[in-house]
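Survey of secondary and tertiary structure
The primary structure of each chain is shown beneath.
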Amino acid sequence: MDAQIMTAPTPALAIETRVSAPADAPASGAPALIELKRFNFWYGEKQALFDIDLTVKERSVTAFIGPSGCGKSTLLRCLNRMNDLIDGVRVEGSLRVNGEDLYGPDIDVVDVRKRLGMVFQKSNPFPKSIFENVVYGLRIQGERNRTRLRDACEVALKGAALWDEVKDRLDDSALSLSGGQMQRLCIARALAVEPEVVLMDEPCSALDPIATAKIEELIFSLKDRFTIVIVTHNMQQAARVSEETGFFMLGKLVEFDKTDVIFTRPKQKMTEDYITGRFG
């Protein structure tokens, strides 16, 4: 998490920002879903993000990498306005999803969080049954039809590759699941409301290698239906699951390009130094 953001780089870490793929032209020609232009963010007097220009393609996986405190999780939370819950925050610039300004005056923040679902670093199932966890968002939206809730639960659990493991125990407590199952349950809960985007903040950091592999397989399978943005400290994970990667440092987007370019022939020396383990 980005609890501490440095506001000024030391001379040894002077940053030249260069986004290799133009922000208004996705590298593969796929349609842009999320577009940020000169986006800035402050926690009170402390600026945490500086002039972010970034485009996320529809139905793709985009990874944000960088050392702790670099701004990547802060940006992820800006995408569905989770940072609004913190006193004294403010933004400047443009953040659009499907052309709509998410910080416009007439925007319904609850609707934003439905459209851009979040999966957190630590799984956070509610102390309810597996079924009630999955359909929680639908109930909040007013859905009461039991058949529709059952169907939505099954679809979401299948989407999260969890249905076969829990279909006979939907009334059991979600807290009885393993850590990896809990995280997939949280993904199912996000999928149940049919978001446009699934945001994942270090979704595998607390999981063992087997559970991590299942989440990565799930991410790969979901990209045909959803746009996914993932924050990860695990560079190998970013290389495995994403098509495009952004490298952040001290609140700036240093480089953004196709993932294979970032990991094999980055244009910025700072990116190369981070990828090769010289710092971070």
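Please refer to the structure placed before this passage.
Our subject in this report is the structure included herewith. (Residues numbered from 1 in each chain as written. Predicted model: local features only at pLDDT ≥ 70, side-chain atom pairs only at ≥ 80, totals over all residues. Heavy atoms only, no water.)

**Regarding the sheet that holds strand β2 (residues 46-57)**
One key point about sheets: their strands pair by backbone hydrogen bonds, in either a parallel or an antiparallel sense. Put simply, the rule is: By definition, two strands form a pair when at least two bridges between them are found by DSSP. Numbering of helices and strands runs from the N terminus, with a helix taken as a DSSP run of H or I at least four residues long and a strand as a DSSP run of E at least two residues long.
The strand order across the open sheet formed by four strands is β2-β1-β4-β5, and the pairing between neighbours is antiparallel. Since the sheet does not close on itself, it has two edges, and those belong to β2 and β5 (100-101), each with one partner. Pairing between strand β4 (residues 89-97) and β5: two bridges, direction antiparallel. Looking at β5, one finds that V97 is bridged to E100.

**Regarding the sheet that holds strand β9 (residues 244-249)**
How we decide: Here the axes come from fitting lines to C-alpha atoms, over the contacting stretch only for helices, and the angles between their N-to-C directions go from 0 to 180 degrees. The contact criterion used is simple: two residues touch if any of their non-hydrogen atoms lie within 4.5 Å.
With respect to topology, six strands assemble into an open sheet ordered β6-β7-β8-β3-β9-β10, the strand pairing being mixed. In this open sheet, the two edge strands, each paired with only one partner strand, are β6 (116-119) and β10 (252-258). Across the sheet, the mean angle from the axis of one strand to that of its neighbour is 20°, orientation sign disregarded. Pairing of strand β7 (residues 197-201) with strand β8 (residues 227-231), which is carried by five bridges, proceeds in the parallel orientation. Considered in β8, the bridge of L199 is made with V229. Lying on the sheet, helix α1 (residues 72-79) is in contact with β3 (61-65), β6, β7, β8 and β9; it crosses β7 at an angle near 150°.

**Structural notes on unusual backbone geometry**
This is how the line gets drawn: Burial classes: relative accessible area under 20% of the type maximum marks a residue as buried, over 50% as exposed, and values in between as partly exposed (1.4 Å probe, protein chains only).
For E202, which is not a glycine, the phi torsion comes out positive at approximately 50°. Here E202 shows up in the loop between β7 and α8 (209-222). Given the relative accessible area of 7%, E202 is considered buried.

**Comments concerning the pattern of salt bridges**
Our working definition: When a carboxyl oxygen of Asp or Glu lies within 4 Å of a side-chain nitrogen of Lys or Arg, that pair is called a salt bridge.
In this structure the tally under the stated criterion is 16 salt bridges. D273 is paired through a salt bridge with R278; the nearest N and O atoms lie 2.9 Å apart. A residue is classified by how much of its surface remains accessible, and R278, at 55% relative accessible area, is exposed. Three or more residues joined by partner-sharing salt bridges are found here, namely E100, R115 and E196.

**Focus: helix α5 (residues 146-159)**
Using the following cut-off: To estimate the expected span of a helix, count its residues, drop one, and scale the result by 1.5 Å. Picture the helix axis, draw a direction to every C-beta atom, and the arc is the one those directions span. Polar contacts, as used here, are pairs of N or O atoms within 3.5 Å; protein pairs need one atom able to donate a hydrogen and one able to accept it. Residues neighboring in sequence count only if both atoms are side-chain atoms.
Taking 1.5 Å as the rise per residue, α5 with 14 residues should run 20 Å; its terminal C-alpha atoms sit 20 Å apart, in good agreement. Those residues of α5 that fall on the buried side of the exposure criterion are L149, A152, C153, A156, L157 and G159. Within α5, the buried residues cover an arc of 150° as seen down the axis, which keeps them to one side. Turned more than 90 degrees away from the buried face of α5, the exposed residues are T147 and V155. Its buried side turned inward, α5 meets α3 (130-134), α4 (136-140), α6 (163-166), α7 (179-192) and α8. In this structure N145 caps α5, since a side-chain oxygen of it lies 3.0 Å from the backbone nitrogen of T147. In the segment just after α5, A161 is the residue with positive phi, at about 55°.

**Digging into the packing of α7 against α8**
To keep things clear, this is the line we draw: Oblique is the label for any angle not covered by the other classes, which are roughly parallel (under 35 degrees), roughly antiparallel (over 145) and roughly perpendicular (65 to 115). Crossings are classed by handedness, with left-handed meaning an anticlockwise turn of the near helix from the far one by less than a right angle and right-handed meaning a clockwise turn. The residue classification treats Ala, Val, Leu, Ile, Met, Phe, Trp, Tyr, Cys and Pro as nonpolar and Asp, Glu, Lys and Arg as charged. All others, Gly included, are polar.
Close contact between α7 and α8 brings their axes to 9 Å; oriented N to C, the two are set at 20°. Between α7 and α8, the interaxial angle falls into the category roughly parallel. Of the two elements, α7 crosses α8, and the hand of that crossing is right-handed. Of the residues in α8, those in contact with G180, Q183, R184, I187 and L191 of α7 are A211, K214, I215, L218 and L222. Of the residues that constitute the contact of α7 with α8, the class distribution is six nonpolar, two polar and two charged.

**Some details on the packing of aromatic side chains**
Both the distance between ring centres and the angle between the ring planes are used here to describe each pair of aromatic rings. What counts is decided by this rule: Any pair of Phe, Tyr and Trp rings, taking the six-membered ring for Trp, is counted once the centres come within 6.5 Å. Such a pair is stacked with planes under 30 degrees apart, edge-to-face with planes over 60 apart, and tilted for the rest. Here, a charge over a ring is recorded when the distance from Lys NZ or Arg CZ to the ring centre is within 6 Å and its angle to the ring normal is within 35 degrees.
Throughout the structure, instances matching the rule amount to five aromatic pairs. With centroids separated by 5.0 Å and ring planes inclined at 25°, the aromatic side chains of F247 and Y274 adopt a geometry described as stacked. With a gap of 27 residues between them, F247 in strand β9 and Y274 in helix α11 (residues 269-275) connect regions that are remote in the sequence. An identical accessibility class is assigned to F247 and Y274; each is buried. Directly above the aromatic system of W42 lies the positively charged group of R90, at a separation of 3.9 Å from the ring centroid. Between R189 and the ring centre of F126, over which it is positioned, the NZ or CZ distance is 4.2 Å.

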